[in-house]
Each structure stands twice: as structure tokens, then as C-alpha cells.
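Coordinates in review
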Amino acid sequence: MRKRSLFIFMVSFLISLFHTKKAPKNQPDPADPLFFVGTWQFKDHRDRLHRIEIGPDLKLLIDGKDMAAKVSLLTRYELSYVDKFGYKLEIRGNEARPIKFYDESENYTYDLQSANEVEHAD
């Protein structure tokens, strides 16, 4: 009986020693925070122009005001903040650049344009 237990222990040990875990096949691409860095503009539902600035440290400024928002989520194509009132502010992108801004406090999603594109178009 003792030899059998020792044999089972050794086989289990060797199997666990040489068994390697497989990496998940669908690993998400790593997020690059610099993807969101820049100055963006959007028109709100009242047709007023607003400016969003995202710094390299992901600090969020809207119309030059520090929003004191904390990053709550960062993925490849989404940067989400929670503002001081608990509302979510989201920047969503595509493969090229950020394209949408969602403000939970107003429940609106706005189209973003690069501030450089807007300035050169005028």
C-alpha cells in the first residue's frame, strides 16, 4: 500500500512539474494611454463649442477647467473617468483616434474632432 501511494505521489508530482499553463487565446491588446492624449473639440446639444484636453498623465480639462476626475477604466479604445460628482465621462476611439465623448450627467454622446483639424478648417 505504501509503495502504491509513493508511486501515485511521484506521478502526480512529475505531471504537475511538466504541465504548463496555456495563455488565453483572446488576450486583449494592451492599452496605450498616449492614444488619448491631445486636444479635442465637440459641439454640445445646444450648439456650443467645447474643448477637451487630455494630458500625458491623463489629466482631464474641459474648457480649460480641471475636472478633478479619476481614471476608472483604460482599454485600447476607451478611457473612462469618474468626476467629483460620481458621473462617468468616457472617451471612445477607433483604430485611428478618439471619436466620441460621453457625458453621463447629461446622458449625451458627442462626436469629437481634433482641435487642430477644426482650427485649420476655419
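Refer to the structure presented above.
Source: prediction; values computed, not measured.

**A few points about the overall build of the protein**
Counting secondary structure elements, the protein contains 2 helices and 10 strands. Across the protein, helices and strands are ordered from the amino to the carboxyl terminus as α-β-β-β-β-β-β-β-β-β-β-α. Counting all 122 residues of the protein, 25% fall into the buried class. Sequence-distant contacts in the protein: of pairs separated by 6 or more residues, those separated by 24 or more amount to 31%. Accessible area for the protein stands at about 9200 Å²; split by element, carbon and sulfur atoms hold 55% of it.

**Looking at the environment of Ser 80**
Looking at the element boundaries, Ser 80 is found in strand β6 (residues 78-82). Residue classification places Ser 80 among the buried positions, given a relative accessible area of 3%. The spacing of Ser 80 and Lys 70 is 10 residues in sequence and 8.4 Å in space, taken between C-alpha atoms. When neighbours within four sequence positions are excluded, Ser 80 is seen to be in contact with Lys 70, Val 71, Ser 72, Leu 73, Lys 88, Leu 89 and Glu 90.

**As for unusual backbone geometry**
Even without glycine at this site, Asp 63 takes up a positive phi of about 55°. Position of Asp 63 among the secondary structure elements: in the loop between β3 (60-62) and β4 (65-66). The exposure class assigned to Asp 63 is partly exposed, which follows from its relative accessible area of 38%. For Asn 107, which is not glycine, the phi dihedral falls at a positive 55°. The residue Asn 107 is located in the loop between β8 (98-103) and β9 (108-111) in this model.

Cut-offs used in this document
- Residues numbered from 1 in each chain as written.
- Predicted model: local features only at pLDDT ≥ 70, side-chain atom pairs only at ≥ 80, totals over all residues.
- Heavy atoms only, no water.
- Helix = DSSP H or I, 4+ residues; strand = E, 2+ residues; numbered from the N terminus.
- Buried < 20%, exposed > 50% of the residue type's maximum accessible area, 1.4 Å probe, protein only.
- Contact = heavy atoms within 4.5 Å.
- Areas by Shrake-Rupley, 256 points an atom, 1.4 Å probe, with all protein chains shown as cover.

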